[in-house]
Structure formats: structure tokens, C-alpha cells
Number of protein chains: 2
Amino acid sequence: MNELVTKAKKASEITAKLGATSTEEKNEALKLMSEKLMNEIDYLLKENEKDIEAGRSNGLSDGLLDRLRLTETRIKDMATALLQLIELPDPIGEVTFETERPNGLELKKIRVPLGVIGMIYEARPNVTVDAASLCLKTGNAVLLRGSSSAIHSNKALVNVIHRALEKSSLPKEAVQLIEDTKRETAEQMFKLTEYLDVLIPRGGAKLIQSVVEKASVPVLETGVGNCHVYIDDTANEQMAVDIVVNAKTQRPSVCNACETVIVHQDWAKFHFTSLVDALVDQGVELRGDDAARKLDARISVATEEDWQVEFLNLTLAVKVVNCLEEAIEHIGNYGSKHTEAIISETEKNVNQFFTFVDAAALYHNASTRFTDGFEFGFGAEIGISTQKLHARGPMGLEALTSSKYIILGTGQIRS
Amino acid sequence: MNELVTKAKKASEITAKLGATSTEEKNEALKLMSEKLMNEIDYLLKENEKDIEAGRSNGLSDGLLDRLRLTETRIKDMATALLQLIELPDPIGEVTFETERPNGLELKKIRVPLGVIGMIYEARPNVTVDAASLCLKTGNAVLLRGSSSAIHSNKALVNVIHRALEKSSLPKEAVQLIEDTKRETAEQMFKLTEYLDVLIPRGGAKLIQSVVEKASVPVLETGVGNCHVYIDDTANEQMAVDIVVNAKTQRPSVCNACETVIVHQDWAKFHFTSLVDALVDQGVELRGDDAARKLDARISVATEEDWQVEFLNLTLAVKVVNCLEEAIEHIGNYGSKHTEAIISETEKNVNQFFTFVDAAALYHNASTRFTDGFEFGFGAEIGISTQKLHARGPMGLEALTSSKYIILGTGQIRS
């Protein structure tokens with residue numbers, strides 16, 4: 001047995017014990033983790049520096065180096081997040097359905113942990129603490145498989161977590177790091193149905209696609225967001241401009257940022273220049289169709305690919321349409337079913353948009369940037385699901401649970 | 001494009017329309033389907049006879065021929081089931097969560113159809129009508145891929161369904177049969193993520209395993225049940241005997257039948273003969289461990305495989321244990337996480353069993369045979385999920401739904 005299988009087997013052996021752990025014990029472990037993180041800032045920074053140096057000599061971009069970097073503030077933020085997690089209600093044991101059958105059987109559906117969660121992610125070491133703590137709060141064991149570029153940081157963080165768990169009543173095998181970062185090991189993880197209950201990939205589109213295509217372990221697919229804002233003919237000018245600017249520029253690198261704005265021609269006739277002015281002012285580069293370019297010369301030609309991609313930067317595609325139906329059709333063809341918004345003062349059109357656009361989150365007169373576990377009030381987020389099974393949209397603690405039916409009888413048999 | 005891709009694409013094109021169909025329209029279509037089935041009994045029997053004849057000359061077993069056979073009664077039962085489905089509440093549109101955020105955003109989570117469901121099943125033609133009607137009631141489009149041995153029956157049934165849909169306001173592409181029964185076509189279906197939202201395999205362990213291993217489309221895994229009844233030291237003698245006999249013999253061929261009985265040695269000391277007498281009386285063949293065989297010579301030797309398999313016939317494995325923990329360990333090693341039961345008068349032990357046994361359904365003092373959508377009061381069943389994501393245990397109409405977040409704003413942007 002290699003490292004992966006050995007650790008996965010250990011994790012699966014403690015799932016029953018973890019599932020039976022009380023809320024108090026789990027919260028105590030989270031508190032210890034928070035304290036240890038605060039006490040070990042120097043050690044964590046020193047280990048992280050090794051990854052940063054290696055990253056630099058491997059020519060990682062500034063953006064990637066920034067994602068990889070731990071700072072005193074970032075570590076303190078992690079410690080604070082752990083304390084906030086303590087305050088959230090524990091979903092485990094919650095009765096979600098209850099009935100008494102005519103034959104006297106008492107039936108209850110209760111929330112239980114999923115079991116063993118395999119987390120496959122890229123260079124952000126904060127995911128290590130984030131995933132470990134959310135899994136722990138929900139009584140799951142977690143196998144963490146980060147990228148080789150963050151291996152020193154991840155080892156150090158899991159070391160610190162283990163020292164905290166050793167002081168708690170939870171087994172330290174609840175959180176395990178797979179130190180072998182070979183691609184074949186990740187692919188073996190995709191198939192380890194004997195020990196893993198679910199895989200959660202977090203990272204770029206390529207990573208997620210690879211997991212979805214190859215895994216036989218059930219997957220919670222997260223992430224890719226090709227989000228649109230549609231400005232209807234009756235949209236309020238200032239509101240529409242403010243929302244598009246916010247959705248595009250407030251944090252362009254994230255999945256709920258806007259990638260294409262679709263404008264009704266009747267709105268464009270009167271307000272298009274304000275919209276383009278505001279976007280250009282914020283440094284946005286616009287690529288549009290012929291109709292958009294006829295209205296404003298600052299817009300360059302959009303290629304077929306521009307409608308398809310997540311730019312994740314200050315580029316925005318612009319399309320002018322004759323009617324709502326054309327907007328809905330474009331979103332159906334190019335959207336990633338993550339988040340879509342309509343700005344309109346016509347109720348009928350809003351309802352049509354809500355009915356005929358298929359996405360995890362649909363907005364009327366608000367920015368796409370709100371699709372987020374914290375903004376939705378869940379208090380935590382393990383990712384944003386773009387699949388339709390199990391959980392769709394921002395996933396909080398409940399998404400990390402399954403259920404059990406408990407049936408109490410008095411000798412009932414089936415006739 | 002081959003038949004599969006053409007039909008899948010058509011199905012995906014009508015999902016928005018189907019999702020927007022009213023409960024009344026869907027119920028009207030179900031009523032028309034029920035009437036058409038009743039009117040076409042002769043045609044259906046004639047077409048079914050072709051499959052039966054082919055099956056006979058291909059040497060199908062009597063059991064398989066029986067599963068394949070349509071009779072007047074069976075068709076009438078299908079028609080009645082459709083009328084019963086009309087009475088069930090429509091889950092689509094149901095608001096399952098609602099909140100107002102501090103920034104004034106109004107957030108609602110509503111149930112929507114999954115989209116396009118791929119149903120892969122074996123020789124039972126009744127699954128054709130069953131799956132079509134449950135998918136239709138929940139606003140889903142369905143691609144049916146039955147086995148070649150039932151192709152004439154399936155074509156005839158889908159013909160009848162189409163004639164009903166043509167009279168309704170629903171598009172007939174809501175229900176489509178893949179007539180090409182080649183294995184490669186099924187395997188192409190496993191990977192058709194562009195058009196299919198979920199696959200539901202129904203049939204034997206081999207079929208299900210193949211779908212789970214190879215599919216990149218998300219799977220709702222159904223079925224395999226290696227279920228245990230554990231008789232604790234304090235179990236009431238008559239109740240324990242009645243429950244084991246019922247769980248084993250009432251319908252041995254189904255997934256919620258009992259495959260192994262585990263007996264506490266202290267109970268066995270006094271009551272084992274009654275148990276064995278009752279089982280042998282019902283024609284059950286017993287295979288046990290050494291301890292069981294020492295207690296009763298009518299028990300033959302159980303092999304390692306006997307603890308692992310779903311017998312699906314009148315064979316039962318018997319194990320005698322020293323304590324509850326040993327029973328829980330055995331279930332953990334061999335159970336399929338479907339249904340497990342404890343017969344006991346000791347509350348502490350029942351709670352320990354409920355906490356440490358991981359399965360979709362856990363019973364105290366009742367037969368395992370109750371794990372069923374109808375017995376649970378769901379009014380319908382698309383299968384019994386043995387996975388932990390999305391739905392676990394009997395799946396009714398709600399299991400065929402996903403969700404959308406609808407967020408109403410007044411110009412909110414994120415700061």
C-alpha cells in the first residue's frame with residue numbers, strides 16, 4: 001500500500017468515531033487549531049518562504065506567487081475564521097424529516113457526515129486550513145492533496161493542525177495530507193471508491209475537468225463561472241452601469257465576476273455611451289459584436305472564443321440584442337450555469353429570465369458578485385457547485401453532509 | 001450525429017420549456033398516458049410476445065422471462081400507477097429556503113428539474129413507464145436505454161406514450177427511447193456531459209458498477225443490498241424469528257431482503273433452534289461460521305464469498321458473535337450500506353448500532369423489507385440510492401429535482 005491508500009484506509013476507519021463526536025469536542029478542536037496557528041506564525045512563514053523561493057526560481061507569475069504566499073495577516077485571518085466556524089450551528093444529527101407510518105413505524109431522516117472527503121486543489125495554502133476545518137466541523141475525515149508548489153506550506157499547516165488535534169479528543173487522522181504530489185497519485189485518488197466518499201476539486205477549469213472526466217468517486221464540481229449581466233430595455237441607467245462595473249471590476253479574478261454584458265438595443269440607443277465610459281474609466285477592455293462596435297468605436301472585435309472564456313481579468317465581452325429571447329439564447333449557449341443577472345423594470349421579463357435561464361443563481365437588479373457562501377449567510381463556504389446533484393450554488397456546511405434514515409419499530413414485518 | 005446524440009440534444013433543447021410546464025399540464029399528460037395504455041393492451045401484449053419468444057429461443061431463465069413479460073394485469077397496474085402519480089404534490093417550484101440579507105437582497109431557493117435524465121436499465125419493461133412518468137411529473141426530459149431483450153416492448157410502450165404526449169401540451173421529446181442497444185452506445189451515454197445532467201442505472205450489480213466506474217455524467221447509484229439483521233442478547237424470541245423470516249423470505253429477490261443474520265451468542269444459547277426451525281420450514285438454506293454450525297448441524301459451511309454476496313434467493317448466511325461490537329464490525333466489513341437492522345430490548349445497544357453502522361436505512365425491531373419509497377410514504381420510487389451524495393435511501397420525486405437560487409435586489413453592488 002502506498003501513502004495514499006494507507007492514509008485513505010486510516011481515514012475510513014475513523015469515520016464512525018468522527019461521526020459520533022459531539023459538537024463541543026469538535027469546537028474544542030477548532031479552538032486549539034486557531035490557537036496553534038497563532039503560536040506558530042514564525043514557523044509557518046519560514047516554511048512558506050521555501051515554496052515562494054522555489055516558485056520564484058521556477059518562474060511562477062506574480063499572481064500565482066501571491067496566491068501561494070502566507071503573511072502574518074493571512075495566518076491571523078485563518079485563525080479568526082476558525083473561531084467564527086465554532087459559532088456556526090453543527091448540522092450533524094439534525095432531523096430533516098420525520099413521519100409516523102400507518103403501520104406504526106416511526107421514521108426519521110437525520111444528517112450524518114459524508115465520511116471521507118478527498119480535496120484536490122491548487123497552490124493556495126489557505127485551502128488546507130479552510131477544508132480541514134469545514135470537514136472537521138461536519139464530522140468528516142479529509143485527505144488533502146495540494147499542489148507540489150505549496151508542499152512545504154501544506155506540510156507545515158498540517159503539522160500545526162496535528163499538534164492541535166493531539167491535544168483534542170479527535171483522532172489526528174481526521175486531517176491527512178497526501179505528500180506525494182505525483183499526477184498518478186491524484187489519478188489513483190479519483191478511483192479510490194473503497195475508501196473515499198466524495199472528491200472536491202478546487203482550482204482551475206483544467207483540474208476540475210480532469211477530475212469530472214476520470215473520477216469514479218462521486219464529485220462535487222465547483223467553480224467555472226462564465227457569468228452574464230443582461231440589461232433589459234427598461235433598465236434604470238445608473239443602476240445598470242453601477243452593477244456592470246461592480247460585477248466586472250470589483251474582483252475580476254473570481255468565478256462570480258461578469259464576463260459578458262448583453263444590452264437590449266433600445267437601452268443601448270440612449271445609454272450605451274454612459275456604460276462604455278464607466279467601464280473604460282475603470283480600465284476595462286471591451287470586445288463586442290458588430291452592433292456594439294457600431295455604437296462605440298472603443299470596442300474591439302470579439303472572437304467566438306471571447307464569448308466562451310472566463311477572462312478572469314479586466315476584459316469584458318459586449319453583445320447587443322434585439323430582445324430578451326436573444327439574450328436568453330446567448331446565455332444558454334455560452335453560460336456555465338453559475339450566475340446570471342437581469343437589470344430590468346419589467347416584471348414579466350424578469351420572470352421569463354428566471355424561468356428560462358438555467359443557472360445556480362439568478363439575480364434581478366443586483367451584482368453577480370453576491371454568489372458566495374458568506375454573502376448568502378451560510379457563514380462558511382467549501383466552494384460553489386456548478387452541478388445539479390447534491391448541492392448547487394454556494395456550498396456551506398450542509399453540503400458536507402449526507403443522511404441516514406432511522407426507523408423505530410415494535411416488531412413490524414412486511415406482508 | 002448518431003441516434004443517441006441527436007435525441008440527447010433534442011432533450012436538452014426542451015428542458016426550459018418542460019421546467020416551465022404547469023402541474024396541471026403535466027398531470028393531464030399523465031392521465032392521457034394512463035388512458036392510452038389501457039386502450040392499447042392488445043398491441044402491447046403482441047409486441048411483448050416478440051421479446052418473450054426471442055428470449056425463449058435465447059435460453060433466458062424463467063425468472064428473466066417473468067421480469068420481461070407484460071400481462072393484462074401488469075399493464076393495468078402501470079395505468080393505475082400513473083393515476084396515483086397525478087395525486088402526488090408537484091415538487092417543482094417549491095421554495096425550500098428563504099432569507100432576507102442585511103443589504104436587502106431577498107434570496108429564495110426553489111426546486112427545479114434536474115434537466116435531462118439518462119436511464120439505463122435491464123429487462124423490465126415496466127421501468128420504461130415508471131421512469132418516463134416520474135421524470136415527466138418532475139419536469140425532466142428522459143432518455144431511456146433498456147436492454148435489447150426488451151426492445152419490442154419498450155418501443156411499443158414509448159409509442160403509446162408518444163401518442164399520449166401528442167394529445168397533451170408537452171413535447172413528445174420529453175420521453176425518448178434509445179433504440180440502439182449496442183454496448184458502445186451505452187458507454188457513449190456515460191460520457192455525454194454536454195447534454196445529460198444525470199444517469200440512473202437500474203439493474204444488477206455489474207451494470208451499476210460499470211456505470212459508476214466509467215461515467216463522467218453524475219450518477220445516482222442504486223441498488224445493491226447486502227443487508228443484515230443483528231439479533232442482540234435481549235431480543236424478544238418470537239419477534240426476532242418473525243423479522244428474520246420476513247426479511248429473508250417475503251421476497252428474496254429484492255435488494256432490501258436480508259442476506260446474513262448475526263446472532264449474539266447469549267441469545268443463540270436459548271433461542272437458536274427456534275430460529276433455524278422457522279427458516280428451514282420456509283425452505284431457507286443456511287450457511288454459517290463454526291460457532292453457528294456447532295449449535296445446529298443443519299447449517300453448512302459459509303465461505304468468505306457467502307458474507308459478501310447478495311444471494312437474492314432463499315440462502316442465508318449465519319454468524320454468531322460474542323458482542324454487539326463484533327456484529328457492527330462484520331457489517332462494516334461486508335455490508336453495502338443499504339439497510340441494516342437490530343432486534344434488541346437494550347436502548348443503549350440500539351443507539352450504539354445507529355451511531356456506528358453506516359447505511360441508508362437503520363431499523364430497530366422491524367424488517368429490512370420496509371426500505372422502499374412507497375413504504376416510506378413517498379408515493380413513488382425511482383430507485384434506492386446507496387450513495388451518499390444528493391439522495392440516500394429510497395428516492396421519490398424530490399430526488400429528481402435540483403435547485404436554483406433566485407435573488408431579488410434593488411441595485412445592490414458588492415463593496
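Residues numbered from 1 in each chain as written. Chains lettered and ligands numbered in written order. Predicted model: local features only at pLDDT ≥ 70, side-chain atom pairs only at ≥ 80, totals over all residues. Heavy atoms only, no water.

1. Some details on the sheet that holds strand β5 (residues 175–177) of chain B
All names here are of chain B. Taken together, four strands build an open sheet; the order of strands is β5-β4-β3-β6 and the sheet is parallel. Lying at the two open borders of the sheet, with one neighbouring strand each, are β5 and β6 (198–202). Pairs of neighbouring strands in the sheet enclose a mean axial angle of 20°, with direction left out of account. Two elements, strand β3 (residues 116–121) and β6, share five bridges in a ladder whose sense is parallel. The residue bridging Gly 118 from the neighbouring strand is Leu 199, located in β6. (Pairing = 2+ DSSP bridges. Helix = DSSP H or I, 4+ residues; strand = E, 2+ residues; numbered from the N terminus. Axes fitted to C-alpha atoms, helices over the stretch in contact; angles between N-to-C directions.)

2. Considerations on the interface of chain B and chain A
Listed by partner, the interface residues are 71 residues for chain B and 71 residues for chain A. Each partner contributes to the roughly 5600 Å² buried at the junction of chain B and chain A, and carbon and sulfur atoms together form 57% of this total. Summed over the three residues of chain B that lose the most area to chain A, namely Leu389(B), Tyr405(B) and Arg414(B), the buried surface amounts to 15% of that side. In this assembly, chain B and chain A are joined by six salt bridges. For the salt bridge of Asp372(A) with Arg414(B), the shortest nitrogen-to-oxygen distance reads 3.8 Å. Remark: the boundary between chain B and chain A carries 37 residue pairs in polar contact (both at pLDDT 80 or more). (Contact = heavy atoms within 4.5 Å. Buried area = accessible area lost by both parts, 1.4 Å probe. Salt bridge = Lys/Arg side-chain N within 4 Å of Asp/Glu carboxyl O. Polar contact = N/O pair within 3.5 Å; in protein donor to acceptor, adjacent residues only side chain to side chain.)

3. Observations concerning the relation of the copies chain B and chain A
Rotating chain B by 180° and translating it 0.0 Å along the rotation axis places it on chain A, where the RMSD comes to 0.1 Å. Expressed as an axis order, the relation between the two copies is that of a two-fold axis. Among all residues of chain B, the minimum C-alpha distance to the rotation axis is found for His390(B), at 1.8 Å. The residues that chain B uses at the interface reappear at the interface of chain A in 100% of cases, marking a shared surface. (Least-squares fit on C-alpha atoms with pLDDT ≥ 70 in both.)

4. Points about the UniProt feature "domain: Aldehyde dehydrogenase" (unreviewed entry) in chain A
In the numbering used here, UniProt assigns the "domain: Aldehyde dehydrogenase" (unreviewed entry) feature to residues 17–278 of chain A. Each end of residues 17–278 of chain A is marked by a C-alpha atom, and these two atoms are 57 Å apart; helix forms 51% of the span and strand 17%. (UniProt positions renumbered as here; feature names shortened; annotations may be inferred.)

5. Looking at the environment of Leu30(B)
Residues and elements named next belong to chain B. Following the sequence through the fold, Leu 30 ends up in helix α3 (residues 23–39). Overall, Leu 30 belongs to the buried group, its relative accessible area being 0%. Along the chain, Leu 30 and Ala 81 lie 51 residues apart, while their C-alpha atoms are 9.8 Å from each other. (Buried < 20%, exposed > 50% of the residue type's maximum accessible area, 1.4 Å probe, protein only.)

6. Some details on the pattern of salt bridges
Within this structure, the stated rule accounts for 54 salt bridges over all chains. A salt bridge links Asp130(B) to Arg202(B); its shortest N-O distance comes to 3.8 Å. Taken as a pair, Asp130(B) in helix α7 (residues 126–137) and Arg202(B) in strand β6 lie far apart in primary sequence, 72 residues in all. A relative accessible area of 27% places Asp130(B) in the partly exposed class. Salt bridges here are not isolated pairs; linked through shared partners, they connect Asp197(A), Lys337(B), Asp358(B), Lys388(B) and Arg392(B).

7. Topic: the sheet that holds strand β7 (residues 227–231) of chain A
Strand order in the open sheet made by the 10 strands is β10(A)-β9(A)-β11(A)-β8(A)-β7(A)-β12(A)-β13(A)-β16(B)-β2(B)-β1(B), with mixed pairing throughout. Two strands close off the open sheet at either side, each with one partner strand: β10 (300–301) of chain A together with β1 (95–100) of chain B. Two strands pair when backbone bridges link them, and strand β9 (residues 285–288) of chain A and β10(A) are joined in this way by two bridges, in the parallel orientation. Across the sheet, residue Arg287(A) finds its bridge partner in β10(A), namely Ser300(A). Packed onto the sheet, helix α11 (residues 237–249) of chain A meets β7, β8 (258–264), β11 (315–321), β12 (339–343) and β13 (361–366) of chain A together with β16 (401–412) of chain B and runs at close to 170° relative to β7(A).

8. Description of the packing of helix α15 (residues 324–334) of chain B against helix α16 (residues 347–356) of chain B
Residue and element names in this part refer to chain B. Their axes nearest at 11 Å, the elements α15 and α16 cross at an angle of 25°. Relative to α16, α15 is oriented roughly parallel. Judged by the twist between their axes, the crossing of α15 over α16 is right-handed. Where α15 approaches α16, its residues Leu 324, Glu 325, Ile 328 and Ile 331 are matched on the opposing element by Asn 349, Gln 352, Phe 353 and Phe 356. (Parallel < 35°, antiparallel > 145°, perpendicular 65-115°, else oblique. Left-handed = near helix turned anticlockwise from the far one by under 90°.)

9. Notes on the domain arrangement of chain A
Residue and element names in this part refer to chain A. Here chain A is partitioned into domain 1 (3–221 + 387–408) and domain 2 (227–370). Placing a centre on the C-alpha atoms of domain 1 and another on those of domain 2 gives a separation of 35 Å. Taken residue by residue, the interface counts four residues in domain 1 and five residues in domain 2. When the two sides are added together, the surface that domain 1 and domain 2 hide from each other amounts to roughly 350 Å², 37% of it contributed by carbon and sulfur. In this structure, Asp 358 engages Arg 392 in a salt bridge whose closest nitrogen and oxygen atoms are separated by 2.9 Å. Our enumeration of links across domain 1 and domain 2 arrives at two residue pairs in polar contact (both at pLDDT 80 or more). (Domains from an automatic or database assignment.)

10. With respect to the pairing of strand β4 (residues 141–145) of chain B
Residue and element names in this part refer to chain B. Across the five residues of β4, five count as buried, placing the element largely inside the fold. In β4, alternate side chains face the same way, and those of Ala 141, Leu 143 and Arg 145 on one face and Val 142 and Leu 144 on the other are all buried. Here five bridges tie β3 to β4, and the two strands are oriented parallel to one another. Of the residues in β4, the one forming a bridge with Met 119 is Leu 144. Following the backbone out of β3, through α7 and into the adjacent parallel β4, one traces a crossover that is right-handed. Each parallel crossover has a hand, and for β4 linked through helix α8 (residues 151–167) to β5 it is right-handed. (Right-handed = clockwise from strand over helix to strand, strands pointing away.)

11. Regarding the pairing of strand β7 (residues 227–231) of chain B
All names here are of chain B. β7 sits mainly inside the fold: five of its five residues count as buried. Residues Cys 227, Val 229 and Ile 231 point to one face of β7 and His 228 and Tyr 230 to the other, with burial holding for every one of them. Of the pairings in the sheet, the one linking β7 to strand β8 (residues 258–264) comprises five bridges and is parallel in character. Across the sheet, residue His 228 finds its bridge partner in β8, namely Thr 260. The handedness of the β7 to β8 crossover, carried by helix α11 (residues 237–249), is right-handed. As judged from the four bridges shared by β7 and strand β12 (residues 339–343), these two strands associate in the parallel manner.

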